[in-house]
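# Chains, contacts and geometry: an overview
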Amino acid sequence: MATYVQEIRRLSWRILELICEGLGLEKGFFEEISQVQFLSASNYPACPDPSVTLGVLKHFDHSFITILFQGNVDGLQVFHDGKWIGVGVLPNAFVVNIGTQLEIMSNGKLRSAEHRVMTNLDEERLTIATFINPSPNCIVEPAKVLINESNPPLYDSFMFKDFVVSSKAFGPYTEPIN
Ligand SMILES: O=C(O)CCC(=O)C(=O)O
Ligand SMILES: [Fe+2]
């Protein structure tokens with residue numbers, strides 16, 4: 001497990017580095033502010049009637065990015081153009097989800113996808129989601145270099161821990177374990 005956590009951290013930093021370059025932000029923009037990593041492992045048992053039970057209700061992740069390992073069993077759906085669309089599974093692949101905090105920092109250039117999890121009639125599903133979150137004291141706001149006269153900020157600025165408390169995004173705020 002420790003190796004998994006370390007490797008996911010390396011992968012996520014690499015992805016954030018590439019996103020940083022793609023957005024035209026200064027090198028290392030996310031380095032200091034994205035040191036908090038939460039891991040959530042879920043087990044979705046087979047369900048006698050998937051039409052009446054969801055695995056996870058629709059939501060946005062409040063991370064910068066989420067790296068999802070979903071094994072070989074389908075279930076994740078994203079909302080796109082007014083429809084729920086199955087993400088599907090690829091062997092040995094991770095799903096990389098953009099969270100709301102990256103949407104804000106990119107001033108809406110990158111959009112966070114609303115998603116939910118379906119249950120399966122005869123297959124159990126195991127997933128591991130790793131959320132790369134802003135540090136509690138990180139000021140989340142549209143990156144200054146992306147703001148100009150024709151691109152005004154689309155989001156307000158806030159401290160991430162205040163957002164966590166006021167939105168109850170993760171339940172009561174707790175200090176991260178280092
Ligand atoms: O288990 C999954 O497929 C996704 C879980 C998820 O969306 C979440 O934990 O935020
Ligand atoms: Fe999610």
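Residues numbered from 1 in each chain as written. Chains lettered and ligands numbered in written order. Predicted model: local features only at pLDDT ≥ 70, side-chain atom pairs only at ≥ 80, totals over all residues. Heavy atoms only, no water.

Per an unreviewed UniProt entry, the protein goes by the name Fe2OG dioxygenase domain-containing protein and belongs to Fraxinus pennsylvanica.

## Topic: the site of ligand 1
Every residue lining ligand 1 is accounted for by Tyr44, His59, Asp61, Leu68, His115, Val117, Arg125, Thr127 and Phe131. Asp61 has a polar side-chain atom sitting 3.1 Å from an oxygen atom of ligand 1. One of the side-chain nitrogen or oxygen atoms of His115 is found 3.1 Å away from an oxygen atom of ligand 1. Relative to its unbound accessible area of 290 Å², ligand 1 is 90% covered by the protein chains. Of all the secondary-structure elements, those providing two or more residues to the shell around ligand 1 are β7 (115-118) and β8 (125-133). Counting residues per element, the shell around ligand 1 draws most heavily on β8, which supplies three residues. Each residue belonging to the shell around ligand 1 can be placed in one class, and the counts come to four nonpolar, three polar and two charged. (Near = heavy atom within 4 Å. Polar contact = N/O pair within 3.5 Å; in protein donor to acceptor, adjacent residues only side chain to side chain. Areas by Shrake-Rupley, 256 points an atom, 1.4 Å probe, with all protein chains shown as cover. Helix = DSSP H or I, 4+ residues; strand = E, 2+ residues; numbered from the N terminus. Nonpolar A, V, L, I, M, F, W, Y, C, P; charged D, E, K, R; others polar.)

## What about the side chain of Ser12?
Mapped onto the secondary structure, Ser12 falls in helix α1 (residues 2-23). The exposure class assigned to Ser12 is buried, which follows from its relative accessible area of 0%. Reaching out from Ser12, the side chain makes a polar contact with the backbone oxygen of Arg9 at a distance of 2.9 Å. Setting aside anything within four residues of it in sequence, one finds Ser12 in contact with Ile65, Ile67 and Ile132. (Buried < 20%, exposed > 50% of the residue type's maximum accessible area, 1.4 Å probe, protein only. Contact = heavy atoms within 4.5 Å.)

## Quick notes on helix α3 (residues 160-167)
Where α3 is concerned, the buried positions are Phe160, Phe163 and Val164. Projected onto a plane normal to the axis of α3, the buried residues spread over an arc of 100° and lie on a single side. (Arc of directions from axis to C-beta.)

## Describing the sheet that holds β7
By definition, the strands of a sheet pair up through backbone hydrogen bonds, in either a parallel or an antiparallel sense. Strand order in the open sheet made by the four strands is β2-β7-β4-β5, with antiparallel pairing throughout. Edge positions in the open sheet fall to β2 (54-59) and β5 (83-86), since each of these has one partner strand only. Pairs of neighbouring strands in the sheet enclose a mean axial angle of 30°, with direction left out of account. Bridge analysis of β2 against β7 gives three bridges, and the strand direction is antiparallel. (Pairing = 2+ DSSP bridges. Axes fitted to C-alpha atoms, helices over the stretch in contact; angles between N-to-C directions.)

## Side note on the confidence of the model for the protein
Chain-level pLDDT for the protein is 92 on average; 94% of the residues reach the 70-or-more range. Predicted complex, confidence summary: ipTM 0.98, pTM 0.91. (pLDDT = per-residue confidence, 0-100.)

## Overview of the coordination of the iron ion (ligand 2)
The coordination sphere of the iron ion (ligand 2), as far as protein atoms go, consists of His59 (NE2), Asp61 (OD) and His115 (NE2), spread over 2.1 to 2.2 Å. Mapped onto the sequence, the residues coordinating the iron ion (ligand 2) show the spacing H-x1-D-x53-H. Looking at Asp61, the relative accessible area reads 5%, which means it is buried. (Donors = N, O, S within 2.8 Å, 3.2 Å for Na, K, Ca; no water.)

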